[in-house]
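Spelled out, the chains give:
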Amino acid sequence: MLRKIRLTCALVVFVLITGLFLDFTGTLHAWLGWLAKIQFLPAILALNIGVILFLVVLTLVFGRIYCSVICPLGVFQDVVSWVSGRRKKKRYRFSYSPEVKWLRYGVFTLFVIALIAGIGFLVALLAPYSSYGRIAQNLFQPVYIWGNNLLAYLAERADSYVFYERDVWLRSLPTFIIAAVSFVVLIVLAWRGGRTYCNTICPVGTVLGFISRFSLLHPILNPEKCKNCSLCSRKCKAACIDYKNHKIDYSRCVACMDCIDTCKHDALHLQWRWKNMDQPEEDKPVKTDAAKPVDAARRSFLIGAAVATTSAALAQEKKKVDGGLAVIEDKIAPKRTTPITPPGSLSAENMARHCTACQLCVAECPNNVLRPSTDLMKLMQPTMSYERGYCRPECTRCSEVCPAGAIRPITRVDKSATQIGHAVWVKKNCIPLTDGVECGNCARHCPVSAITMVPSDVSDSNSPKIPAVNTERCIGCGACENLCPARPFSAIYVEGHEMHRIV
């Protein structure tokens, strides 16, 4: 029964968290954004004391239930392991193995050093929630959007506009490759060894494993009832049950309840930590030379919610043409001296120190402005570029969904007054000078009126008009860069600011 409750809660949470990365409309985040904010590492980086205390208390009471119910990467591995176990003769395929302490604590030490030193890409590589987020955004979301586009195509033929098309494009090749490699490695590890990643590499698993040694509720293996059949050990995906010595390594146990469900001799039960001392002498575990009484802790379940995602993926690729006559060239991103970080991130330093590169903001950006950075020290963390859209002043989606405090909540009013960069004019690309025609697109669409058109020759008021940028007023939204008709390089682009300021 406990196992079924745990499975139900885990699947519900897993589906809903995956939905957060797939849902490009922002509908799910209005109700379920808190699921991202209760992930362990984002809560620590955001200094969300309430969530941290909740997860610590949860672990102290039930053991590593976080890993088997709340962590999406943990549940993903369970799904893969379950599929692997459906094969013939593979149902009982695990065996007990001692804890690999040097690897486990070595990776954790490396993770802490990277966190303190601000080496974001290393933190992002090891963090479980971030790893799953990249997989969902880079591999699952495109399939979802293709399905949505197919439905949009069919609905349009039926004169319905319930669905609308979205572009599917590669935001960052390095991040895509890392996500794909992570996906394959995790599948191989889970397929063969169950929770190998969680108990040897995952730094969150190491922290919670240490806490769970002192948990109040845990499974107890009764040596008097145990027949040494080894079924519990061969079913344990955490490889933490030493049935020969009647011991369980509670630092690796993820409270999945598979062992209790598997035992045919009623030798495994959940038990409160202090019950060993209170029970009658004849019921206590017997000490022998081979086995000492089991003494640490584990298990129960979490809360869940309901239900699911929206629609999914395959689009008709449309050719962009100018007046139906000429194909419009795609824009090429300029080489920016300083990368642009989203409004609410405060500064490049704050972004680097708090971002876990989970890609949730990238997945949710409705304007196609955010994409993973290719800078090695900030690899996979979001940066802004305006080839496919611009940062609309009324949109605050990324600040609403960020669980780690890298992008702080910001109002629309504050966003319109936050300068994340400034526009720079490039004379050699400007159409009034290159083609001798009037333009003024940048000035027309600037939401803060930071651009005015002035004569290119101050002595001739009839000379072609060119843009003049008021850098004190410009907020760096990128409307001018995105809507500039010059191709492939815009005649005006945005340089980022290391530190944001209010204008």
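Residues numbered from 1 in each chain as written. Predicted model: local features only at pLDDT ≥ 70, side-chain atom pairs only at ≥ 80, totals over all residues. Heavy atoms only, no water.

The name given to the protein in an unreviewed UniProt entry is 4Fe-4S dicluster domain-containing protein, with Bacteroides uniformis as the source organism.

As a further point, take the UniProt feature "transmembrane region" (unreviewed entry) in the protein. Per the UniProt record, the feature "transmembrane region" (unreviewed entry) sits at residues 40-58, 105-127 and 168-189. As annotated, residues 168-189 comprises 77% helix and 0% strand, and the C-alpha atoms at either end are separated by 30 Å. (UniProt positions renumbered as here; feature names shortened; annotations may be inferred. Helix = DSSP H or I, 4+ residues; strand = E, 2+ residues; numbered from the N terminus.)

Bringing a nonpolar patch on the surface into the picture now. Among the surface-exposed residues, L11, V79, W82, V83 and W191 lie close enough to one another that they form a single nonpolar patch of about 440 Å² accessible area. Looking at the nonpolar patch element by element, the count peaks at 3 residues for helix α7 (residues 72-85). You can see V79 is positioned in helix α7. (Patch = residues over 30% accessible without salt bridge, like charges linked within 9 Å, V, L, I, M, F, W, Y side chains within 5 Å. Areas by Shrake-Rupley, 256 points an atom, 1.4 Å probe, with all protein chains shown as cover. Salt bridge = Lys/Arg side-chain N within 4 Å of Asp/Glu carboxyl O.)

To continue, consider α7. Here α7 contains 14 residues, and its C-alpha end-to-end distance of 20 Å stays within 8% of the 20 Å for a straight helix at 1.5 Å per residue. α7 sits mainly inside the fold: 11 of its 14 residues count as buried. Within α7 the residues assigned to the buried category are P72, L73, G74, V75, F76, Q77, D78, V80, S81, S84 and G85. (Expected span 1.5 Å × (residues − 1). Buried < 20%, exposed > 50% of the residue type's maximum accessible area, 1.4 Å probe, protein only.)

Inspection of every chain in the model, using the stated rule, returns 10 aromatic pairs. Centroid distance F140 to F183: 6.0 Å. Interplanar angle 85°. Geometry classified as edge-to-face. Highlighted residues: F140 in helix α10 (residues 128-157) and F183 in helix α11 (residues 173-193), separated in sequence by 43 residues. Residue F183 is classed as partly exposed on the basis of its relative accessible area, which comes to 22%. Ring geometry for F210 against F214: centres 5.7 Å apart, planes inclined by 80°, an arrangement best described as edge-to-face. Three or more aromatic residues joined by ring pairs form one cluster here, namely F14, F76, Y132, F140 and F183. Its end group placed over the ring of Y92, K235 keeps NZ or CZ at 5.8 Å from the ring centre. (Phe/Tyr/Trp six-rings, centres within 6.5 Å; stacked < 30°, edge-to-face > 60°. Lys NZ or Arg CZ within 6 Å of the ring centre and 35° of its normal.)

Turning our attention to unusual backbone geometry. Look at the link from R487 to P488: it is a cis peptide, with omega at -5°. Examined against the element boundaries, P488 turns out to sit in the loop between α23 (479-483) and β12 (492-502). At L47, a position not held by glycine, the phi torsion is positive, near 55°. Tracing the backbone through its elements, the reader meets L47 in the loop between α4 (40-45) and α5 (49-62).

This part covers the environment of R93. Relative to the helices and strands, R93 resides in the loop between α7 and α8 (101-117). Along the backbone, R93 and G193 are 100 residues apart, and their C-alpha atoms lie at a distance of 8.5 Å. Ignoring anything within four residues of it in the chain, the contact list for R93 reads S81, S84, G85, R87, A190, W191 and R234. Of the polar contacts made by the side chain of R93, one reaches the side chain of S81; its length is 2.8 Å. (Contact = heavy atoms within 4.5 Å. Polar contact = N/O pair within 3.5 Å; in protein donor to acceptor, adjacent residues only side chain to side chain.)

What follows concerns the pattern of salt bridges. Scanning all chains against the criterion turns up 19 salt bridges. Between D261 and R3 there is a salt bridge, and its shortest N-O distance comes to 3.7 Å. In this pair, D261 is assigned in helix α15 (residues 258-262) and R3 in helix α1 (residues 2-22), connecting sequence segments 258 residues apart. Judged by its relative accessible area of 21%, R3 is partly exposed.

So, on to the packing of α1 against α7. Helix-helix packing is characterised by the crossing angle of the two axes and by the distance between the axes. Running from amino to carboxyl end, α1 crosses α7 at an angle of 115°, the nearest separation of the two axes being 10 Å. Here α1 and α7 pass one another in a crossing that is left-handed. Residues R6, A10, F14 and I17 of α1 pack against P72, V75, F76 and D78 of α7. Here the residues of the contact of α1 with α7 are counted per class, giving 6 nonpolar, no polar and 2 charged. (Axes fitted to C-alpha atoms, helices over the stretch in contact; angles between N-to-C directions. Left-handed = near helix turned anticlockwise from the far one by under 90°. Nonpolar A, V, L, I, M, F, W, Y, C, P; charged D, E, K, R; others polar.)

So, about the nonpolar core. Residues L35, Y66, L360, M384 and Y386 are the most contacted members of the largest nonpolar core, which totals 85 residues. With 8 residues, α1 is the largest single contributor of residues to this core. Each of two domains, domain 1 (1-272) and domain 2 (418-502), supplies a minimum of three residues to this core. Not counting the four nearest positions on each side in its chain, L360 is found in contact with L20, F21, H29, A36, Y129, V401 and P403. Ranked by size, the runner-up nonpolar core spans 14 residues in total, among them C226, A238, I248 and L268. (Core = buried A, V, L, I, M, F, W, Y, C linked by side-chain atoms within 4.5 Å. Domains from an automatic or database assignment.)

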